[in-house]
Structures are given as structure tokens and as C-alpha cells.
Amino acid sequence: MKAVGIIFSNIHDNNVPELARLRTLGSIPFGGRYRLIDFPLSNMVNSGIDTVGIITKSNYQSLMDHVGSGKDWDLARKDGGVIILPPYGNVESSNLYESRLEALKGVINFLFRADEEFVVMTDCDTVCRINFNEVIEHHIRNHADITLIYKRLNDNEYYNKNTTFLNIKNKRIIGVKYQNQEIGEKYQNVFTNMFVLKKSLLQNIVMDSISHNKRHFMSDIIASNLDSLKVIGYEHKGFFAGITSLKAYYDSNMKMLDTKNREEVFGDRSVFTKILDSAPTKYGSSAIVKNSMIADGCTIEGEVENSIIFRNVKVARGAKIKNSIIMQNTVLGENSTLNCIITDKNVVIKDRKILSGSKNHPFYISKGIMI
């Protein structure tokens, strides 16, 4: 059951505009040493998918630097491998796409060149570990036209207005709802923005959308054709985190401090990323670290608690970091304190500064800022 993968790196940039201002959603750092694209890309590689197209749009230089030739995912191949698909796939593409279906129109030649029978499509706004082979088997066993992967979650979990909910009866999708519509159920089937369908069907959908000027895959294709197409659901029962806002990004990172969640996502070294030859982290005699994830290359002389620390971060003597996400090359001066803070790369916090957000509203510091 050979499948080709398609990853949309930009579709949900507006979910976290603070972090995606200078980069794609797919290249946003996560979990101390990873990028968001590492999760869908690793899921595909672990499922035996060795041809993956990554659709880009804008600000994708950091994404290209990170993915490179794909060798860190064993995708540096003569045939197939990882292929960066720019926003303009043909001469007719004169405008940047605004939706998933418009993006597919621009890469239709990629689909026609693929030899695989099935297509697995996913966005970069989810953190989970999933075997797509099981999804394809479920798709075939139920004689489906399209399979949508969903997660059943409690209604008190946070989502934004772009969240899509599926109404399912006997495995079949019978309705599509959105966050700003009346839901009325305690538990919801949240669509994870992952699809499985035959390549021939996707080609027909894209060609038809070009001729009829259709724009949105969910509303114009899925929701409008639930009677004519057999659209079924596949429930993902493992860990799932949706990056729907800056707070959701913060919460998803904090969930990685739970041993059970961390083992489920990263166990057996199932998530691949770009390898950097960093030196081990150095801990000074005054260092205190509690319940935190700290990447390589750091120098820790202060206190770190309940936090995610990326590579090459320097925490000076007397400094305290709590409930925070500190990205690469950040420097925290002596006797400074951070609580519920997200710092982007290359941030400098000078001596004796006290900065605090809250768990419900973490405070974000932009890349390269000095305070």
C-alpha cells in the first residue's frame, strides 16, 4: 500500500502570528530541539512513506534550512525523498494560495508524477504520533473515498474559531461543524487536519476545482459531498496537541514535561530532526533544575523549573526560570527572573530584570529583542 505524502507548512500561520511572523508554522521550534514539521514528517517516514512533498508559501527559508536534503529523515534519495514545493507550481499560478485546495492546484504536476496509489495529507499544527499504515488499512477495509483522522476531546479543552468538528455516525461523517457554531455535546470529534484518499480521486477533485473555481477542501469538497462521497472517520486514540493559538502552543510544550506524554510522543526515538553537533549542557555548582527539558549546548548556573530550554541557552548565576519556554541562544542575566515567558531566538535579558506572564496568558518576547 504505497502512499505519497503531502505536508502543508503554512496553512495555519494565522493561529500563532507572533511565532509565524518571520517563519512558517512548520518551522516553529517545539519541545527543546524540534520543529513542528518534524512530527508529520517523522510519522510519514515511520509509516514507510518515502516520497513527501512539502508545500510552502512564504517565509520558508528557515524551513528549507531545517529540512535540507532530508537526510536526517532518511529521505535523501535519488527517486522520491523530500521535495520542497514552492507557492507557484505553474505559470498559471499568479497569486499566493489562501486555502488547502488552492495550494493543491499549484502542485498538481507533483501528483501526476507520483506513482503511489494513496495520498496522505497533513498540516503542521498537530503534535502526535500516528501510524498512517493503520489509517490506510482502515480506509480500504471500509471502502471509503476519503478518510478523516479525528481525536475525541472534552469540550472544556481550548480551541480557536478555525477548529473543525466532525459529526460521525457508524464511522461515516454526516456533518461538519466549526467552533463558532453551536456544538451542544460534551465530547467532540476534533478534526486533526489529516486526510487519506486515493491519488486518482484527489487528482479529479483538484482538476474539477480548477474548472469550477472551488477554493476550500473542507467546505467545497468534503462538507458539500457527504452524500455522494463515502467520507469516514478514523479515531486517533493516542496523545494529541493542536497548535491553535499562542496559549495552545505554550500548553502543548508544557504537556511534554509529563513523562507519559513525552514517552508516547518521543519514545523509541520516533521523532527525527536536524542533527546539530552541540556540546553537552554544562551545569554550574549553583545550578538547580526541576522537572524541565534542557537541550544540548546550554550553560546553566541558575535555577530552572517546569520549563523547556532549547539549545545554547545561557542562564547566569542567581537567575530563575519557571514555567517558561526559552528558545535557542537566549541569554538570561544574573538575578533575573522569568515566569510564564516564551522567548524567541537570540533574546537577551539583562541582569536583575523580572518578567512574568501567567499560565492563561504567557508573555512572548520576539526574536532578537534585548530587555
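Our structure is the block above this text.
Residues numbered from 1 in each chain as written. Predicted model: local features only at pLDDT ≥ 70, side-chain atom pairs only at ≥ 80, totals over all residues. Heavy atoms only, no water.

A. Just a nonpolar patch on the surface, in detail. On the surface, a cluster of nonpolar side chains totalling about 290 Å² of accessible area is made up of Phe112, Met207 and Ile210. Here methionine 207 shows up in helix α7 (residues 199-212). When its relative accessible area of 41% is taken as the criterion, methionine 207 is described as partly exposed. (Patch = residues over 30% accessible without salt bridge, like charges linked within 9 Å, V, L, I, M, F, W, Y side chains within 5 Å. Areas by Shrake-Rupley, 256 points an atom, 1.4 Å probe, with all protein chains shown as cover. Salt bridge = Lys/Arg side-chain N within 4 Å of Asp/Glu carboxyl O. Helix = DSSP H or I, 4+ residues; strand = E, 2+ residues; numbered from the N terminus. Buried < 20%, exposed > 50% of the residue type's maximum accessible area, 1.4 Å probe, protein only.)

B. Broad picture of the side chain of lysine 151. With respect to the element layout, lysine 151 can be found in strand β8 (residues 146-154). Among the polar contacts made by the side chain of lysine 151, one reaches the main-chain carbonyl oxygen of lysine 237 at a distance of 3.3 Å. (Polar contact = N/O pair within 3.5 Å; in protein donor to acceptor, adjacent residues only side chain to side chain.)

C. Up close: the sheet that holds strand β26 (residues 348-349). With parallel pairing, the five strands of this open sheet are ordered in space as β14-β17-β20-β23-β26. On the outer flanks of this sheet lie β14 (282-283) and β26, each paired with one strand and no other. Where β14 meets strand β17 (residues 299-300), two bridges bridge the pair, whose relative direction is parallel. Bridging across to β17, lysine 282 finds its partner in threonine 299. (Pairing = 2+ DSSP bridges.)

D. Fine view of the pairing of strand β12 (residues 231-235). Counted residue by residue, β12 has four buried out of five residues, so it is predominantly covered. Two elements, β8 and β12, share five bridges in a ladder whose sense is parallel. The partner of isoleucine 149 across the bridge, within β12, is tyrosine 234.

E. Structural view of the state of the cysteines. Overall, the coordinates contain zero disulfides when judged by the stated rule. Here cysteine 128 stays unpaired: no disulfide links it, and the sulfur of cysteine 124, its closest cysteine neighbor, is 11 Å away. When its relative accessible area of 3% is taken as the criterion, cysteine 128 is described as buried. (Disulfide = S-S within 2.5 Å.)

F. Structural view of the pattern of salt bridges. Here the structure, examined in full by the defined rule, presents 11 salt bridges. A salt bridge links arginine 23 to aspartate 344; its shortest N-O distance comes to 2.8 Å. Of the two residues, arginine 23 sits in the loop between α1 (17-20) and β2 (29-30) while aspartate 344 sits in the loop between β25 (341-343) and β26, which places them 321 residues apart along the sequence. Taking the relative accessible area as the measure of exposure, aspartate 344 reaches 2% and is therefore buried. Across the salt bridge formed by arginine 100 and aspartate 123, the nearest N and O atoms sit 2.4 Å from each other.

G. Region of the structure containing the environment of aspartate 50. If you trace the backbone, aspartate 50 turns up in the loop between α2 (38-46) and β4 (51-55). Separated by 236 residues in sequence, aspartate 50 and serine 286 have C-alpha atoms that sit 47 Å apart. With sequence-adjacent residues up to four places away left out, aspartate 50 is seen in contact with Lys2, Leu75, Arg77, Gly80 and Gly81. Within polar-contact distance, the side chain of aspartate 50 engages the side chain of lysine 2 at 3.4 Å. (Contact = heavy atoms within 4.5 Å.)

H. Broad picture of unusual backbone geometry. The phi torsion at aspartate 74 lies on the positive side, around 60°, for a residue other than glycine. With respect to the secondary-structure elements, aspartate 74 resides in the loop between α3 (61-67) and β5 (81-85). Phi is positive for asparagine 193, which is not a glycine, with a value near 60°. Tracing the chain through its elements places asparagine 193 in strand β11 (residues 187-198).

I. Representation of the sheet that holds strand β16 (residues 293-294) within the structure. Taking strand neighbours across the sheet as the criterion, the five strands line up as β16-β19-β22-β25-β28 in an open arrangement whose pairing is parallel. Strands with a single pairing partner mark the edges of an open sheet, and in this sheet they are β16 and β28 (363-365). Relative to strand β19 (residues 308-309), β16 runs parallel, the two sharing two bridges. Each bridged residue has a counterpart across the sheet, and for isoleucine 294 the counterpart in β19 is isoleucine 309.

J. Representation of the environment of methionine 194 within the structure. As for its placement among the helices and strands, methionine 194 is situated in strand β11. Given a relative accessible area of 2%, methionine 194 falls into the buried group. For methionine 194 and isoleucine 28, which are 166 residues apart along the polypeptide, the C-alpha to C-alpha distance reads 19 Å. Excluding residues that lie within four positions of it along the chain, methionine 194 makes contacts with Met121, Thr122, Cys128, Ile130, Phe132, Thr147, Leu148 and Ile149.

Keep in mind these numbers describe shape, not what the thing actually does.
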